[in-house]
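Reading the structure
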Amino acid sequence: MILVLLILAVAFLLNLFLPWWCIAIPGLIFGYLFKEKAAISFVWGFVALFLLWGGQALYIHIANDGILSTRIAEMLGVGSPLIVVLITAVLGGAVSGLATMTGSLANQKNAA
Amino acid sequence: MRFSSPFLSAILLVACLLVLNTKFGSIPPLGKFFDPDAGFWANAETSVPENEILEIDGLLDEVSVVFDERRVPHIFAQNDHDLFMAQGYITAQQRLFQMEIQTYDAAGRLSELIGENSGVQNRDLTTRRWGMPWAAEKKLEKVMQDSSSSRIVKAYADGVNAYIESLSPDEYPVEYKVLDAAPEAWTPLKTSLLHMNMLRTLAGGSSDDRTSRTKAFLGEEYINKFFKTRPASVDPIIPEDRTWDFESIQPEVPESDFIPKTAERIQFWEPDAGVGSNNWAVDGSKTASGYPILAGDPHLSLSMPSIWMEMQLHAPGYNTYGVGFQGIPGILIGFNEKVAFSVTNTGSDVLDWYEIEFKDASKNEYWNDGKWNSTTKRIEEIKVKGGETIIDTLVFTHHGPVMVANPDDTTREPIYHAMRWVGHEPGNSLKTFIGLNKASNYDDYVAALEAYVGPAQNFVFASTEGDIAMWVNGKFPNKWDFQGQEVSDGSDPAFDWQGWIPHQHNPHVKNPPRGFVSSANQESAGESYPYYLTDENAPYERGKRINDLLKEMKEITPQDMMNMQMDDYSLHAESIVPEMIDWVIRDSLNFKEIEFLSQMASWNFEMDADLQQPGFFYYWFREFYRSVFRDEYAQVDGSLRYPHRDRFIEVIKSDADFFLIDNIETDEKETIQDLATAAYKHAYDLLDTYYGKIGEGWNWGFVMNNDIEHVGQIPGFGAMDVYTGGSAEAINATRFGYGPSWRMVVELGPEVKGWGVYPGGISGNPGSPNYDAFVENWRLGNHFELNFYREKPEKALFELTLQSN
């Protein structure tokens, strides 16, 4: 759980200044440090960015009355603006999950 | 290899990052695009903008930009330089993507932005071959020769660039994120390119080649009947009773029996069929206030964001409100404290094609005036995003750029046509519009018009002094009757344009006795006007309807004029529906079809959204018209010229045995009754298939399928199915995504007042509630009262202060 919060917080801060791919960095670092099993690392890493990007997207979606997310949904042909929010969450989650797993595996390799 | 190998996991991660950072086809790089901090989410507006102080290098003084409750920007500057610099800055702030895509299009550079796509590539090639960038450069030279114009375009460009430089990638308009592109620096050349775009849209029509083919196939009498005869109902822009007190200069008609090699197809630009406009002004004798009222509504292909943006420009000696094109300084349609002005397009044949013979395949020499003459050449490079650059060589004769007239013809040698176009003439239209912005009386208006080259427009004018006027204005070649109606002989200099109609001979009228002036793209002047302008004008219906109404109206108020802009009455329907009903053979109809026929008979000819007859009439007449020509016209490879509906109706009503009525593909001899009946059944089936059983689904508001698409055709970014009345032939010319792109009414007087509305908003950001904020008012014809400030107001929605470091 602490892993989730750390990844989430650091990814949030980095993403303010750096391009989108910086969200992989906290996963790599904290995955390595926490040395959880690969699958568990993936899940925590995924959850962290799913919550961060999903939460940010949901906030903007609501504050914007869904104006832009509805247009993007139509552009992508996905039907509902909430699916656009969901895609955002899953994309962030997938990247972070992979990064966290990679970090943890790197450390396990060292240990072995 | 085990799945939990760190190596494999790392590769997977890197691959994932790369894939999500790459654009595939039209799919944006997904990671970048969905990033809540810098992707499209960053463009979602979550609060009204706030007051801000912005540092902008190059301003001479402080500028205030007040945004009113509809977010219309009102720029208050202390000198002209700052005024136009701020206009550039604010326009870019609201509409940067639109500005850029229009100039990429006009420069034949869309491939650079969009990448490999054959449709886009062809469009770019055609744009280059039309000499658009070449002529834009010539135009810019002319603008730069005028010190005041050059200062304006430079200040404007500096303003746009100040805005672009202030942007970080997360602040780019959302369209750049969709295309994975970045804005580039603005230059005065781009302003010229936009001007070329106007010329192409409004003065880029020609039917020379089609007329030549039609004459070859159907004979000279047919041409005379349809393309050399004015419909009797025409009520020209400059009234018939206007007399001309000048000695006209008559061009020499060549003695020649030249017949062009009938070309299969020519790469002419197909101008949008929906281009046309209304404007009118009434003088004080007809208004409740005793001062003139002016109205204008330019019809164009409707787009999101709107092609127009409202703005007020205020500086010492300058106070003008209205709408302009994004990328062109000043106001194009609007008013100031003393005068008002608006434009409609002039039907004038200012584009002709000349058949060219080259000495050999090098195209270095062409035959003219009994000798070989040198051509000139220009290399065009079309860069393609992610692809190879395309090189194209343009060849010019003294007429203009040369194109292959039969590109798809494999059986014959290429046939070459050179283009002579007023769009290639150097000119400075900026001077005209800035002049109108600052005009305070009739003489200023005429002086401003003199510099104008094209696209030719009918400039309506009204002043607080009480004058109203209409000038059919532009640079017109002085042609013999019907010169350039067909493809011309490029080897004979006698076919060249021999000069220009002097400006003071352009059709115009000031304060006519009837108390009003008007234009709706119909014939420019009465038969007595001593020059030839064109064989192609809009059908008479809109113009006549406007004049019929204005003749009867008295004690006119601005509200009357606004209502008139929403008039849906169809003179076109009135002129043919009773006959078509008579022609229908009732025995051939089923019960439902007969029932609907009585509904058609009771129709009031209003093209209203809630009625079912307009949509039925639209498809019924369309099929009837097509069925007359379809069979014969299909006999010829390549397109032939179709008559306008008004002349067609005139002919068909007077000649029931018109020779094209018979369907040559059947053994029987069809009558006009047969065609009207078959078309009736066709229309019924069509509506039944696409709009369901007869009922509300047949309402014209649905059937006209009025979609306002995004300027870059991005799905989801338009305003779809905008339910409204109107028709091409009605004053409210809305239909199928075309129509009044801005409706304006101005009451002159000690305190000039304006009303207006367009379908769109100020903001070009699809993530802003303001993006489509005016669409509903536009749909209902509820004009906004415009905030025309005499000085900077106390109250504002928000205010930007621009100042130099």
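Residues numbered from 1 in each chain as written. Chains lettered and ligands numbered in written order. Predicted model: local features only at pLDDT ≥ 70, side-chain atom pairs only at ≥ 80, totals over all residues. Heavy atoms only, no water.

Describing the domain arrangement of chain B
All names here are of chain B. If you check the domain split of chain B, you get domain 1 (10–43), domain 2 (52–110 + 131–252 + 269–346 + 429–482 + 496–568 + 704–805) and domain 3 (571–605 + 612–698). In this assembly, 29 residues from domain 2 lie in contact with 29 residues from domain 3. Carbon and sulfur atoms supply 61% of the area that domain 2 and domain 3 bury against each other, a total of about 2500 Å² over both sides. At the junction of domain 2 and domain 3, the tally comes to 3 salt bridges. Across the contact surface, domain 2 and domain 3 share 12 residue pairs in polar contact (both at pLDDT 80 or more). (Domains from an automatic or database assignment. Contact = heavy atoms within 4.5 Å. Buried area = accessible area lost by both parts, 1.4 Å probe. Salt bridge = Lys/Arg side-chain N within 4 Å of Asp/Glu carboxyl O. Polar contact = N/O pair within 3.5 Å; in protein donor to acceptor, adjacent residues only side chain to side chain.)

Notes on the environment of B:T229
Residue and element names in this part refer to chain B. Along the chain, T229 falls in the loop between helix 11 (220–227) and strand 4 (276–282). C-alpha separation for the pair T229 and I762, spaced 533 residues apart in sequence, amounts to 45 Å. The residues contacting T229, other than those within four sequence positions of it, are N224 and R647. A polar contact of 2.6 Å, which involves the side chain of T229, links it to the backbone oxygen of N224. For T229, the side chain forms a polar contact with the main-chain oxygen of K225, separated by 3.4 Å. (Helix = DSSP H or I, 4+ residues; strand = E, 2+ residues; numbered from the N terminus.)

Regarding the sheet that holds strand 11 (residues 351–356) of chain B
All names here are of chain B. Read across the sheet, 4 strands follow the order 16-17-11-20 without closing on themselves; strand pairing throughout is mixed. If you trace the sheet from one side to the other, it starts and ends with strand 16 (402–404) and strand 20 (488–489), each paired once. Both strand 11 and strand 17 (residues 416–421) contribute to a ladder of 6 bridges, which runs antiparallel. Residue pairing in the sheet places W353 in a bridge with M419 of strand 17. (Pairing = 2+ DSSP bridges.)

Focus on the packing of aromatic side chains
Residue and element names in this part refer to chain B. Counted according to the given criterion, the structure contains 70 aromatic pairs over all chains. Summarising the aromatic geometry, the rings of W497 and W500 are spaced 5.9 Å apart at their centres and angled 85° between planes, so their arrangement reads as edge-to-face. Taken together, the ring pairs connect Y569, W583, W603, F605, F617, F621, F624, Y625, F629, Y633, Y642 and F648 into an aromatic cluster. Directly above the ring of W500 sits K475, whose terminal nitrogen or CZ lies 4.5 Å from the centroid. Over the ring of Y442 we find K510, and its NZ or CZ is 4.3 Å from the ring centre. (Phe/Tyr/Trp six-rings, centres within 6.5 Å; stacked < 30°, edge-to-face > 60°. Lys NZ or Arg CZ within 6 Å of the ring centre and 35° of its normal.)

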